Amino acid sequence: MKRVRQWLAAWATLGVLVSPLPTSAASAPIHFADLNWESGSLITDMLRIIVEKGYGLSTDTLPGTTITLETALANNDIQVIGEEWAGRSPVWVKAEAEGKVVALGDTVKGATEGWWVPEYVIKGDPAKGIKPLAPDLRSVEDLARYKHVFKDPESPDKGRFLNSPIGWTSEVVNKQKLKAYGLSDSYVNFRSGSGAALDAEITSSIRRGKPILFYYWSPTPLLGRFKLVQLQEPPFDAEAWKTLTDADNPNPKPTRSLASKLSIGVSAPFQQQHPDIAEFFSKVDLPIEPLNKALADMSENRTPSREAAEAFLKAHPQVWQAWVPKEVADKVSAGL
């Protein structure tokens, strides 16, 4: 009996030595931010497909506002933000300075953001019987005298500026810009409930040939679908920019936004644990014209972002195969 007990103990010890890691440790999914705008959704799903099919790792997404997602990234509650406008929010700047987050790559060169109007507001559109309503509109400095053109239906003595949704970093910046440009008394700061609502409002106005003043950015479906004009703003000033990103600053200063650089935001622990994927992320380079076209098609046809991402990867293998080793590219191609 003693020998039997020794034999069982030996097997138990061996079982401990060779037993697999707990499932939670071995196969915990990589948490991506669930971004609620088209380019963010499309880029996120491209990255997820390559990680899943090329590197054999599971992924999922977690929702939230820009600020809450950046906070979650700093705490490693999520590991990846697929479209990070790095350096814009105080949350990101602080986390990056503390070494908690890292911005990888320069994913979309030529990206921009600012205030826009449809081209027909300035030039008119004879084919649609639209006369130019603001022929001399060139910059934000001209907006005060054109407030009647962008009349707010609820406050007709003011114009309406269509801001981004509450919770986006740009919403704070735009609210402060209205003050800095002396437009608070001339324009209503109207916030949509979501990125989809913002798109719907802009699209509806343009299709009806109505004047609309709005915040937007590129890469986006709208820039692939409509003729838009970006209004000029004062040259960038780093100190003034700090006053725009601070929601509580009572005296914001005028400046255009920080030059756009889109990166992939990752948590520091993720970069350490997955250096091969971090290397892949650092090489992502999406040409803006085919990206804008893909976004326009995705929006027009109401294609789910996962499906649109697969279609982009199939249509442009020469783009994404340069980001990963050949064996990874082969696995992704086979998976597609």
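Note that the structure is a prediction, hence the values are computed from the model and not measured.

Novice: Just to check I follow, could you spell out the overall build of the chain for this structure?
Specialist: Helix and strand counts for the chain stand at 16 helices and ten strands. Projected onto the principal axes, the alpha-carbon positions of the chain cover approximately 100 × 45 × 30 Å. Across the 336 residues in the chain, those meeting the buried criterion constitute 47%. Here the chain has roughly 16300 Å² of accessible surface; of this, 55% comes from carbon and sulfur atoms. Across the chain, 38 positive and 40 negative side-chain charges occur, with their mean positions spaced 2 Å apart.

Novice: Is there a simple way to think about the layout of surface pockets in this case?
Specialist: What the largest pocket holds in volume is close to 380 Å³. As for the largest pocket, its lining consists of 19 residues, of which E38, D199, M298, S299 and R302 are closest to the centre. For the lining of the largest pocket, the elements supplying multiple residues, two or more each, are α3 (38-55), α8 (195-207) and α13 (288-300). Take the lining of the largest pocket: its biggest share by element is six residues, from α8. Residues of the lining of the largest pocket, tallied by class, amount to six nonpolar, seven polar and six charged.

Novice: How should empty space enclosed by the protein be read in this particular structure?
Specialist: Over the atoms a probe the size of a water molecule is rolled, and this reveals where empty space is left. With the rule as written, the count across this model stands at one cavity of 30 Å³ or more. Of the voids in this model, the largest cavity is the one considered here, and its volume is about 280 Å³. W37, T66, W85, T169 and S170 are the residues nearest the centre of the largest cavity, which is lined by 18 residues in total. The leading source of residues in the lining of the largest cavity is strand β3 (residues 80-85), at four residues.

Novice: Mind showing me how you'd approach the side chain of T203 here?
Specialist: Here T203 is to be found in helix α8. Residue classification places T203 among the buried positions, given a relative accessible area of 11%. The residues contacting T203, other than those within four sequence positions of it, are L222, R225 and F226.

Novice: Help me understand the nonpolar core, please; the structure alone is not making it clear to me.
Specialist: The nonpolar side chains of soluble globular proteins are, as a tendency, buried together. Formed by 92 residues in total, the largest nonpolar core has its most connected members in W115, L143, F150, F280 and F281. A total of eight residues in this core trace back to one element, the largest contributor, which is α3.

Novice: In this structure, what is going on with the packing of aromatic side chains? I would like to understand it.
Specialist: A ring pair, where both rings are aromatic, is described by two values, the distance of the centres and the angle of the planes. With the rule as written, the count across this model stands at twelve aromatic pairs. On the numbers, 6.0 Å between centres and 15° between planes, the contact of Y55 with F280 is stacked. Residue Y55 is found in helix α3, and its partner F280 is found in helix α12 (residues 275-282); the two are separated by 225 residues along the sequence. Aromatic side chains W168 and W217 sit 5.5 Å apart centroid to centroid with 70° between the ring planes, which places their arrangement in the edge-to-face category. Of this pair, W168 sits in the loop between β6 (159-163) and α7 (169-180) while W217 sits in strand β8 (residues 213-218), and the two are 49 residues apart along the sequence. Looking at W217, the relative accessible area reads 3%, which means it is buried.

Novice: I'm lost on the side chain of T243 in this one. Help?
Specialist: Considering the arrangement of structural elements, one finds T243 in helix α10 (residues 238-245). Residue T243 is classed as buried on the basis of its relative accessible area, which comes to 12%. From its side chain, T243 meets the backbone oxygen of A240 in a polar contact 2.5 Å long.

What counts as what
- Each chain carries its own residue numbering, running from 1 in the direction its sequence is written.
- Note on the predicted model: pLDDT of at least 70 is required for a residue's local features to be given, and 80 or more for side-chain atom pairs to be given and counted; whole-chain, interface and lining totals, by contrast, use all residues.
- Hydrogens and water are ignored here; the side-chain numbers use all heavy atoms of the structure.
- Numbering of helices and strands starts at the N terminus; helices are DSSP runs of H or I of at least 4 residues and strands are runs of E of at least 2.
- Only protein chains enter the area calculation, which uses a 1.4 Å probe; residues under 20% of their type maximum are buried, those over 50% are exposed, and those in between are partly exposed.
- Areas reported here follow the Shrake-Rupley algorithm with a probe of radius 1.4 Å; residue values treat only the protein chains shown as occluding.
- When charges are counted, Lys and Arg contribute as positive and Asp and Glu as negative, whereas His and the chain ends are disregarded.
- By convention, charge coordinates are those of NZ in Lys, CZ in Arg, CG in Asp, or CD in Glu.
- We place a 1 Å grid over just the protein atoms. Points where a 1.4 Å probe fits but has no way out form a cavity, open points with protein on both sides within 12 Å along at least 5 of 7 lines form a pocket, and any residue with an atom within 4 Å of a point lines it.
- Grid points are joined across faces, edges and corners, and a volume is the space filled by probe spheres set on the points.
- Each residue is assigned to one class: nonpolar for Ala, Val, Leu, Ile, Met, Phe, Trp, Tyr, Cys and Pro, charged for Asp, Glu, Lys and Arg, and polar for all the others, Gly among them.
- Any two residues having at least one pair of non-hydrogen atoms within 4.5 Å are treated as being in contact.
- The definition of a nonpolar core used throughout is a set of buried Ala, Val, Leu, Ile, Met, Phe, Trp, Tyr and Cys residues joined through side-chain atoms within 4.5 Å.
- Whether two aromatic rings pair depends on their centres lying within 6.5 Å, for rings of Phe, Tyr and Trp, where Trp uses its six-membered ring; planes under 30 degrees apart make the pair stacked, over 60 edge-to-face, and the rest tilted.
- Identification of polar contacts relies on pairs of N or O atoms within 3.5 Å, with a donor-acceptor requirement for protein atoms, meaning one able to donate a hydrogen and the other able to accept it, and with residues adjacent in sequence counted only if both atoms are side-chain atoms.

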